[in-house]
Amino acid sequence: MKKWRGEGPCWGVSELNLSQEQRKSLDLIQQTYFREAQLIRAQLFTKRLELREFLINPTIKIESIRVKYFEIIELKSKQEEKAIEYLIKVRNLLTLEQLQNWCPEQEFPAFRQMMYGPGPMGIMPPRKPPFPEGSGKE
C-alpha cells in the first residue's frame with residue numbers, strides 16, 4: 001500500500017520496527033483501548049436493539065424514537081473519540097522515522113471511512129427479500 005501522498009510504503013503500527021519498550025507500551029495502549037471500545041460496542045448493540053423495538057412498536061411515540069437515535073449517535077461519537085485518542089497515543093509512541101512510514105488508517109477500517117467518507121458506491125440500499133411476499137417460497 002502506498003501513502004496517500006504517493007510516497008513509499010505505508011504500514012500499520014504492528015508492522016513498524018518497534019523497540020521492546022515501544023512494544024510493551026503499545027500492548028498497554030491496545031489493551032486499554034480494546035477494553036473501552038468493547039464496552040461502547042456492547043452499549044451500541046443494546047441501543048440499536050432498543051431502537052428496532054421502538055420502530056416496530058406502534059404505541060411508541062416518534063419523539064422517543066428520535067431520542068433513542070440520538071443516544072446511538074452520541075455513542076458512535078464516543079467510539080470515534082476513543083479511536084482518535086488511541087491513534088494519538090500511538091503517534092506519541094513512534095519515532096520520527098516510524099511516523100513517516102505509519103498509516104493511521106491501517107489501524108481501523110472505520111477510521112478510513114471517518115477520514116475519507118463512504119466508498120464510491122455510497123451507502124448501499126437495503127436488500128430485498130429473495131421471494132415476493134405471498135409467493136409461498138418464504
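Scroll up to find the structure this text is about.
For the structure given in this document, a descriptive report is provided here. (Residues numbered from 1 in each chain as written. Predicted model: local features only at pLDDT ≥ 70, side-chain atom pairs only at ≥ 80, totals over all residues. Heavy atoms only, no water.)

### Examining the overall build of the protein
Right, so step 1: The secondary structure content of the protein amounts to 4 helices and 0 strands.
Right, so step 2: Order of helices (α) and strands (β) in the protein, N terminus to C terminus: α-α-α-α.
Right, so step 3: Working note: accessible area of the protein is about 10800 Å², and carbon and sulfur atoms make up 57% of it. (Helix = DSSP H or I, 4+ residues; strand = E, 2+ residues; numbered from the N terminus. Areas by Shrake-Rupley, 256 points an atom, 1.4 Å probe, with all protein chains shown as cover.)

### Quick look at the packing of aromatic side chains
Right, so step 1: Across all of its chains, the model carries 3 aromatic pairs by this definition.
Right, so step 2: Where Tyr33 meets Tyr86, the ring centres are 5.0 Å apart and the plane angle is 40°; that geometry is what we call tilted. Note that Tyr33 is positioned in helix H1 (residues 20-56) and Tyr86 in helix H2 (residues 62-93), a separation of 53 residues in sequence. One exposure class covers both Tyr33 and Tyr86, and it is buried.
Right, so step 3: For the ring pair Tyr69 and Phe70, a centre distance of 5.8 Å and an interplane angle of 55° mean the geometry is tilted.
Right, so step 4: When its relative accessible area of 43% is taken as the criterion, Tyr69 is described as partly exposed.
Right, so step 5: Taking the relative accessible area as the measure of exposure, Phe70 reaches 51% and is therefore exposed.
Right, so step 6: The rings of Tyr33, Phe34 and Tyr86 are connected pair by pair, giving a single aromatic cluster. (Phe/Tyr/Trp six-rings, centres within 6.5 Å; stacked < 30°, edge-to-face > 60°. Buried < 20%, exposed > 50% of the residue type's maximum accessible area, 1.4 Å probe, protein only.)

### Remarks on a nonpolar patch on the surface
Right, so step 1: A contiguous nonpolar surface patch, about 300 Å² in accessible area, is contributed by Tyr69, Phe70 and Ile73.
Right, so step 2: Within the secondary structure, Ile73 is located in helix H2.
Right, so step 3: Looking at Ile73, the relative accessible area reads 35%, which means it is partly exposed. (Patch = residues over 30% accessible without salt bridge, like charges linked within 9 Å, V, L, I, M, F, W, Y side chains within 5 Å. Salt bridge = Lys/Arg side-chain N within 4 Å of Asp/Glu carboxyl O.)

### Concerning the pattern of salt bridges
Right, so step 1: Tallied over the entire structure, the rule returns 7 salt bridges.
Right, so step 2: Across the salt bridge formed by Glu53 and Arg52, the nearest N and O atoms sit 4.0 Å from each other.
Right, so step 3: Residue classification places Glu53 among the partly exposed residues on the basis of a relative accessible area of 46%.
Right, so step 4: Look at the salt bridges and you will find they share partners, linking Lys47, Glu50, Lys68 and Glu71 into a network.

### Some remarks on H2
Right, so step 1: Spanning 32 residues, H2 covers 47 Å between terminal C-alpha atoms, matching the ideal 46 Å at 1.5 Å per step.
Right, so step 2: Within H2 the residues assigned to the buried category are Ile65, Lys68, Ile72, Leu75, Lys82, Ala83, Tyr86, Leu87, Val90 and Leu93. (Expected span 1.5 Å × (residues − 1).)

### Thoughts on the nonpolar core
Soluble globular proteins tend to pack their nonpolar side chains together in the buried interior.
Right, so step 1: Grouped together as the largest cluster of nonpolar side chains are 15 residues, with contacts concentrated most on Val13, Leu26, Tyr86, Val90, Leu94 and Trp102.
Right, so step 2: Counting residues per element, the ones that place at least two in this core are H1 and H2.
Right, so step 3: Broken down by element, the residue count for this core peaks at 5 residues, all from H2.
Right, so step 4: Beyond its immediate chain neighbours, meaning those up to four positions away, Val90 contacts Val13, Leu26, Ile29 and Trp102. (Core = buried A, V, L, I, M, F, W, Y, C linked by side-chain atoms within 4.5 Å. Contact = heavy atoms within 4.5 Å.)

Any functional reading would require information beyond the geometric quantities listed.
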